[in-house]
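Summary of the model geometry
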Amino acid sequence: MNTGIDVPQIQRFGALYIASARLRSMSKWRTIIAAVDIGNPLFYLIAVGIGIGVLVEQGSGTSGTSGIKYIAFIAPALLANTAITGIMDETVFPTIEGFKWRKLFFAQNATPITGRQIALGVYLAALCRAIFSVSVYYLLLLAFNVVDFGVSVLIIPIAILGGAAFGAVILYFAAKIEKDDQFFNILGRLILMPMFLFSGTFFPLTSMPIYLQPIGWVSPLWHATELGREAAFDYGIGNTLVLIHLVVLLTLVVVGLNLSMRQFERRLAK
Amino acid sequence: MSKPLISVRGLTKKFGDFTAVDGIDFDVAKGESFGLLGPNGAGKSTTMRILAATSTRTSGTVEILDKDPELFGPLVRAHLGVVPQQDNLDNELTVSENLFIYGRYFGLSKKFIKNKIEELLEFAQLEEKRDVKVEALSGGMKRRLTIARGLVSEPDILLLDEPTTGLDPQARHILWDRLFRLKEQGVTLVLTTHFMDEAEQLCDRLVVMDKGAIMAEGSPAGLIKQYSSKEVLEVRFGSDRNKEVAPQLATMCERMETLPDRLLMYTEDGEALLEKITHAGMHATTSLVRRSSLEDVFLRLTGRTLIE
Ligand SMILES: Nc1ncnc2c1ncn2[C@@H]1O[C@H](COP(=O)(O)OP(=O)(O)OP(=O)(O)O)[C@@H](O)[C@H]1O
Ligand SMILES: [Mg+2]
């Protein structure tokens, strides 16, 4: 064997090799990623801050939104949603590509790298993307005076945790996909869109009829949004709920990631 | 004899109810060049993926370097170079980036890989393409790059699944030459092919596979000797006449195969046989005398041609 090959070292750091390869691929798209990650928040902040927010506040003042400006109320949700879509882009596409379109995972798995490490590496690189997107968004929130610099910084890790929870689960489903034709339609229209609309994003979950509220309860976006609001302004949900939200999100990360790693391993071993 | 590097016993692989590999046995010795020859769907790639310590088996035992690849995947794969049937390069990256990243997956140092890349670019004749994205390469260039990539870790065993499919004749011969040199350096080669000339050129020993089973095993020359005659006379009488004359011709040689477009007559002396046929008043529209090949062995064993 080539004496430069250190198998225990690969078993420890293999996921990082995969993540760094993923980041290298992502960097080929850096212009587009930057344009999306700056453009998207800008459109929202302008449309909601100037347009919809004014309308909402004319209608009911700030009574429905804990006494704060509408844009500040939805900002933690927008941030978490950014983390979610960013992580989704960087897990779903590479995974379907890796198994089906270009079979890159099979090439990676022909080295000492394992399927579990490939799953983890893809996930870690996606988290990096989310960290970038969310940080950019936060800076824009500061620039638009939507949040004050201080404790509100916590909405960054909270949003990323929300994305991480969603990403860990979606990674599993992406690794399950054999036929990709309808997957993106279903994902976009039947999962992401309702989640975005019904997770207490634009109005508190409790203002929806009770039969719609379970959508929020299972949605990482809602849990991250509630936590984010608690960090960003005086929301007052109390410590118990904070703990529950954290536990739900962390559980999704752990369970989702374990399922994903197992699924990667199994599918590559077929 | 020393212990084989690869040892396979009763290897079976099922996909649902379908048995792709059906209880095969073989050994590969160190430094040997071993081939799996067989038609489409014979189970060659399935076997190769199991040897590559990636795919799991349904039953049987496999030992590579004394280890069960299912239990010691990463450790076994550290010794292997794998060239899959289908190129799975990263199209978005350049030629040298592809080699670099792959080397990193083996945990090799950047310095080592950088030097190795120079050597491999030369090997694959891709020096001028080093900074070109893979998507801009021709099919043959991609194939050469995939083979080069399999060598980045200086493997002890190189697994090549149809290495020369898609290469032009010149590139094929160059590749054969390179593989020969690797073999001289002590690298063990396991390859699949459905080109009999490739099997004859490259393999010390091979197995003929069909429908998941091994039909025969031996050296190319040994197999030909065992399963075919020295020479083959190929005659054509036109598609309708072929059938008409076949019964009579069959009595004139050791063995005959009737293909849709021609008749293959097995004999020790092709020219003499052709003369005999002409004497008997039958005039073939075309005729050809050639040496027996693995193709004939395959036809004999399975009743089918290797390449349809
Ligand atoms: N993942 C899979 N799921 C189901 N069936 C499979 C799978 N992979 C291979 N097969 C089947 O197993 C059989 C053997 O396939 P394999 O790819 O090993 O053949 P091969 O000898 O490499 O053929 P070829 O010369 O065409 O490459 C085929 O009938 C194929 O359809
Ligand atoms: Mg094959």
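This one's a predicted model, so the numbers in the text were calculated from it and none came from an experiment. (Residues numbered from 1 in each chain as written. Chains lettered and ligands numbered in written order. Predicted model: local features only at pLDDT ≥ 70, side-chain atom pairs only at ≥ 80, totals over all residues. Heavy atoms only, no water.)

**Some words on the coordination of the magnesium ion (ligand 2)**
Residues and elements named next belong to chain B. Each protein donor to the magnesium ion (ligand 2) is listed here as Ser45 (OG) and Gln85 (OE1); together their distances run 1.9 to 2.1 Å. One end of the pair, serine 45, is in helix H1 (residues 44–51); the other, glutamine 85, is in the loop between strand S5 (80–83) and helix H3 (95–105), with 40 residues separating them in the sequence. Looking at serine 45, the relative accessible area reads 19%, which means it is buried. The exposure class of glutamine 85 is partly exposed, given its relative accessible area of 39%. (Donors = N, O, S within 2.8 Å, 3.2 Å for Na, K, Ca; no water. Helix = DSSP H or I, 4+ residues; strand = E, 2+ residues; numbered from the N terminus. Buried < 20%, exposed > 50% of the residue type's maximum accessible area, 1.4 Å probe, protein only.)

**A short note on a nonpolar patch on the surface**
Residue and element names in this part refer to chain A. On the surface, Ile210, Tyr211, Trp217 and Val218 cluster together into a nonpolar patch covering about 530 Å² of accessible area. Counting through the fold element by element, valine 218 comes out in the loop between helix H8 (213–217) and helix H9 (220–232). Judged by relative accessible area, which is 67%, valine 218 ranks as exposed. (Patch = residues over 30% accessible without salt bridge, like charges linked within 9 Å, V, L, I, M, F, W, Y side chains within 5 Å. Areas by Shrake-Rupley, 256 points an atom, 1.4 Å probe, with all protein chains shown as cover. Salt bridge = Lys/Arg side-chain N within 4 Å of Asp/Glu carboxyl O.)

**Quick look at the pairing of strand S10 (residues 231–236) of chain B**
All names here are of chain B. The buried count for S10 comes to five of six residues, which makes it a mostly enclosed element. Relative to strand S12 (residues 263–267), S10 is paired through five bridges, and the arrangement is antiparallel. When the sheet's bridge partners are listed, glutamate 231 is paired in S12 with threonine 267. Here six bridges tie S10 to strand S13 (residues 286–291), and the two strands are oriented antiparallel to one another. What sits directly across from valine 235, in S13, is serine 287. (Pairing = 2+ DSSP bridges.)

**A short note on the domain arrangement of chain B**
Each assigned domain of chain B is listed with its residue range as follows: domain 1 (6–219) and domain 2 (229–291). Here the C-alpha centre of domain 2 of chain B lies 40 Å away from the C-alpha centre of domain 1 of chain B. (Domains from an automatic or database assignment.)

**Examining the pairing of strand S8 (residues 205–210) of chain B**
Residue and element names in this part refer to chain B. Burial of S8 is extensive: six of the six residues sit out of reach of the surface. A two-sided burial pattern is seen for S8, the buried positions comprising Arg205, Val207 and Met209 on one face and Leu206, Val208 and Asp210 on the other. In the sheet, strand S3 (residues 33–37) pairs with S8 via four bridges, with the strands oriented parallel. Bridge pairing links glycine 35 to leucine 206 in S8. Hairpin connection from S8 to strand S9 (residues 213–218): two residues lie between these consecutive antiparallel strands, with lysine 211 at a positive phi of about 50°.

**Focus on the interface of chain A and chain B**
Each partner contributes to the interface: chain A provides 30 residues, whereas chain B provides 33 residues. Here chain A meets chain B over a buried area of about 2,800 Å², counting both sides, of which 56% is carbon and sulfur. With a closest N to O distance of 2.9 Å, arginine 102 of chain A and aspartate 90 of chain B form a salt bridge. Between the two partners, chain A and chain B, sit twelve residue pairs in polar contact (both at pLDDT 80 or more). Among the secondary structure elements, those contributing two or more residues to the side of chain A that touches chain B are helix H1 (7–27) and helix H4 (104–109) of chain A. (Contact = heavy atoms within 4.5 Å. Buried area = accessible area lost by both parts, 1.4 Å probe. Polar contact = N/O pair within 3.5 Å; in protein donor to acceptor, adjacent residues only side chain to side chain.)

**A closer look at the packing of aromatic side chains**
What the rule picks out here adds up to ten aromatic pairs over all chains. Taking 6.3 Å as the distance between ring centres and 85° as the angle between the ring planes, the aromatic pair formed by tyrosine 44 of chain A and phenylalanine 196 of chain A counts as edge-to-face. Placement of the pair is tyrosine 44 of chain A in helix H2 (residues 30–60) and phenylalanine 196 of chain A in helix H7 (residues 183–198), with a sequence separation of 152 residues. Overall, the relative accessible area of 26% leaves tyrosine 44 of chain A in the partly exposed class. Classification of phenylalanine 196 of chain A by relative accessible area gives buried; the value is 9%. Counting every residue linked through ring pairs, the aromatic cluster contains Phe99, Phe105, Phe106 and Phe264 of chain A. Its end group placed over the ring of tyrosine 102 of chain B, arginine 149 of chain B keeps NZ or CZ at 4.4 Å from the ring centre. Against the face of phenylalanine 195 of chain B rests arginine 172 of chain B, its NZ or CZ located 4.5 Å from the ring centre. (Phe/Tyr/Trp six-rings, centres within 6.5 Å; stacked < 30°, edge-to-face > 60°. Lys NZ or Arg CZ within 6 Å of the ring centre and 35° of its normal.)

**Side note on the sheet that holds S8 of chain B**
All names here are of chain B. The sheet built from six strands is open, its strands ordered S5-S6-S7-S3-S8-S9 with mixed pairing. Because the sheet does not close on itself, it has two edges, and the strands there are S5 and S9. Across this sheet, the average inter-strand angle for adjacent strands is 15°, counted without regard to direction. Bridging between strand S6 (residues 157–161) and strand S7 (residues 188–193) involves five bridges; their strand directions are parallel. Within S7, the position partnered with leucine 158 by the bridge is leucine 189. Packed on one face of the sheet, helix H11 (residues 294–302) meets S3, S8 and S9 and runs near 40° to S8. (Axes fitted to C-alpha atoms, helices over the stretch in contact; angles between N-to-C directions.)

**Considerations on the confidence of the model for chain A**
Chain-level statistics for chain A give a pLDDT mean of 88 and a share of 94% at 70 or above. Mean pLDDT in chain A bottoms out at H2 of chain A, which sits at 78, and peaks at H4 of chain A, which reaches 96. (pLDDT = per-residue confidence, 0-100.)

**Some details on helix H8 (residues 220–227) of chain B**
Residue and element names in this part refer to chain B. Of the residues making up H8, those classed as buried are Pro220, Leu223, Ile224 and Tyr227. Within H8, the buried residues cover an arc of 100° as seen down the axis, which keeps them to one side. Away from its buried face by more than 90 degrees, H8 exposes Ala221, Lys225 and Gln226. In the core, the buried residues of H8 are packed alongside helix H7 (196–202), S8, S9, strand S11 (255–258) and H11. (Arc of directions from axis to C-beta.)

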